[in-house]
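For reference, the chains in residue letters:
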Amino acid sequence: MLSKLRLLRPPVSSGTRLISAWECKNYSDKKNSSEKNHRRKTTPPLIETESCNNSNPPKSSHSPETLNPVSETNNEWQNGSNNKPYFKNMSLIGGAVILAGSLYGIWNSDILKLKKDDSSIKEIKKAKKSRKLIQIPALSQSIPDNVQYLLIGGGTASFAAFRAIKSADPTARVLVISAEGYLPHMRPPLSKELWYGDDSEMAKSLNFHQWNGTTRSLFYEPDPFYTPIEELASAKNGGISLARGWKVESINVSEKKVKLNDGKEISYDKCLIATGSVPKTLKLYNDASQDVKDKFSVFRSIADFEDLMEELNHVKSIAIIGGGFLGSELAASLANKGKKNGVKIYQIFKENGNMGKVLPKYLSQWTTEKVRDEGVEVVTNTEVENCSLDNNGEKVNLVLNNGKNISVDHVIMAVGAKPNTELAADAGLEVDPNLDGYLVNAELQARTNLYVAGDCACFYDNQFGRRRVEHHDHAVISGRLAGENMAGAAKQYKHQPMFWSDIGPSVGYEAIGIVDSSLNTVGVFAKGNPKDTSLSTNKTDENTTINDTDTPAELESKNIFENNYNKGVVFYLKNDVVVGIVLWNLFNRMSIARQVLKSDRCYKDLNEVAKLFNIHGDSS
């Protein structure tokens, strides 16, 4: 439309004049009523002929009098007879000029509006790039020179640690140094609960509805919970203080000191490293120009969430690269949120289906269909080979290895995370060469008086050997145990971490142990509708048992492609021993899964084991 309007830009002639908005109110009303999807109130035409509002047209060098000078009598006679067609033609010409002027006004106002919108978007993006991290306190002189307990990192593991320390040592003085500018908070709702619901203001305030309907904050404790950092050293009963926006640059293990990013040194008695992990990025992104990089983002922090929430108000398409936990959760969440704004969501990954590295193939493919039902265009078995700017830099063009291209406004990289071990080199701490993460002993110690917990810890699992886990439950329990040991408990870490994921309204699961799609699996699912109370509990013939070694013909005979997989349990086997369990849309059964896993035995009939989980019972 705009390209056509450019051809109708009329020159402002001497027979035209500027008009005010109130003179064209009727035109604007009519225009607004005929274009429901117009993004703004219609701006009136910028020009209009004098004949539009004056009964007597003005004289000009092109008036009839000048072209054909005659007597006044003859002129009156012509006005009464022969000039009628002439004035009729002039009226048509005037109307055309009015229309052209009106269209030009619309076109010009559209261009101005687009320029204004584009300018606003650029200002928002510029503000995001220049987001300044606020340091609290503003000067490092306010931070104590010596502390009893020093926690590096302000996430879940650190929070669990200082709660455990204060429980064991009520007068403890704890200093938390966090590179983030936020209070300690949980991360899972950032890709799940905060995107659902109609109250956008609640999401912006970082509050969300829990599964039981109650509302809670993303932050574990409010600001008044923490002791002002200037009062920590003198507080009678100790306290927990936060130094936000400050970063530990190095650790001197032998002298038990850390150095901040401004050079300040802090001595400690006991120290915990809980620096978590950082998002991975794609090589094509790393090699791209800054203009291209501006179209990409990762997703992990509150700042990432806030930026993406704002982005949804200005874009019409987003591509998510990655089919794992984060990529799948975000795809479903953004598709749900973007329905109102007409935002198209693409998800691109190299696996056969969503969660392809975790779920058996048939369940992964079924999950992919559920994600598509949410409105996501899922592109499987595909990788992004290259990218470039398109449409005058407004979009980024993704070149896929299947020969196709996808052009979007924004790209999110959800391709995994790596533990933040940047302190290891100077501190002389050992990092696992295969799993990454700080190597710790059974008590989560890396060195004497130096502990590690959460994502960045590579710990020893008594049942499964050396492991590193990036899940909320592990952060909570490892942080708690590290805190207890810092206060003198000397406990071993024997916990078997669990995790959960919610991908849209139809897919939710909890899992424990080694959950890897490369292992042999046996899945037992409830037939029919899970709400069908006519089903007798735990009868084997009411379940569908799927072994991932089944042939396509056997799978077809079991009608697995017609099965809804509403509820069930999947066993992961290594040397015929159950090493992992997924509870598919089954909840409040994790204690049973722990018992099955802990038995460390080979079961002859997993259908019998599945009966323990009462898969036809209530999942709430």
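Named according to an unreviewed UniProt entry, the chain is Apoptosis-inducing factor 1, mitochondrial isoform X2 originating from Sipha flava. Recorded under Sequence similarities (unreviewed entry), the UniProt text for the chain is reproduced unchanged: "Belongs to the FAD-dependent oxidoreductase family." Its UniProt record, at the heading Subcellular location (unreviewed entry), says of the chain: "Mitochondrion".

## Details of the environment of N237
Checked against the element boundaries, N237 lands in the loop between strand 6 (215-217) and strand 7 (239-244). For the pair N237 and R173, spaced 64 residues apart in sequence, the C-alpha separation works out to 8.2 Å. Contact partners of N237, with chain neighbours within four places excluded, come to K166, P170, T171 and A172.

## Some details on unusual backbone geometry
Going from I136 to P137, the amide bond is cis rather than trans, its omega being 5°. Note that P137 resides in the loop between helix 5 (83-129) and strand 3 (146-152). For L206, which is not a glycine, the phi torsion comes out positive at approximately 65°. Even without glycine at this site, N588 takes up a positive phi of about 60°. Within the secondary structure, N588 is located in the loop between strand 31 (577-584) and helix 16 (590-598).

## Section: the packing of helix 6 (residues 156-168) against helix 14 (residues 472-486)
In contact at an axis separation of 7 Å, helix 6 and helix 14 are set at 35° when each is read in the N-to-C sense. As helix 6 runs across helix 14, the sense of the crossing is right-handed. For the pair formed by helix 6 and helix 14, the contact residues are T156, A157, A160, A161, A164 and I165 on the first element and H472, A475, V476, G479, R480, G483, E484 and M486 on the second. Residue composition of the contact of helix 6 with helix 14, grouped by class: 8 nonpolar, 4 polar and 2 charged.

## Things to note about the pairing of strand 8 (residues 248-252)
Direction of pairing for strand 8 relative to strand 9 (residues 257-260): antiparallel, over a ladder of 4 bridges. When the sheet's bridge partners are listed, V248 is paired in strand 9 with L260. Hairpin geometry of strand 8 and strand 9 is characterised by an intervening segment of 4 residues between the two adjacent antiparallel strands and by a positive phi of about 55° at K256.

## A closer look at the sheet that holds strand 24 (residues 457-461)
Spatial ordering of the open sheet is given by 21-24-25, a layout of 3 strands whose pairing is mixed. Two strands in the sheet have a free side with no partner beyond their single neighbour: strand 21 (438-439) and strand 25 (465-467).

Conventions adopted
- Residues numbered from 1 in each chain as written.
- Predicted model: local features only at pLDDT ≥ 70, side-chain atom pairs only at ≥ 80, totals over all residues.
- Heavy atoms only, no water.
- UniProt positions renumbered as here; feature names shortened; annotations may be inferred.
- Helix = DSSP H or I, 4+ residues; strand = E, 2+ residues; numbered from the N terminus.
- Contact = heavy atoms within 4.5 Å.
- Axes fitted to C-alpha atoms, helices over the stretch in contact; angles between N-to-C directions.
- Left-handed = near helix turned anticlockwise from the far one by under 90°.
- Nonpolar A, V, L, I, M, F, W, Y, C, P; charged D, E, K, R; others polar.
- Pairing = 2+ DSSP bridges.

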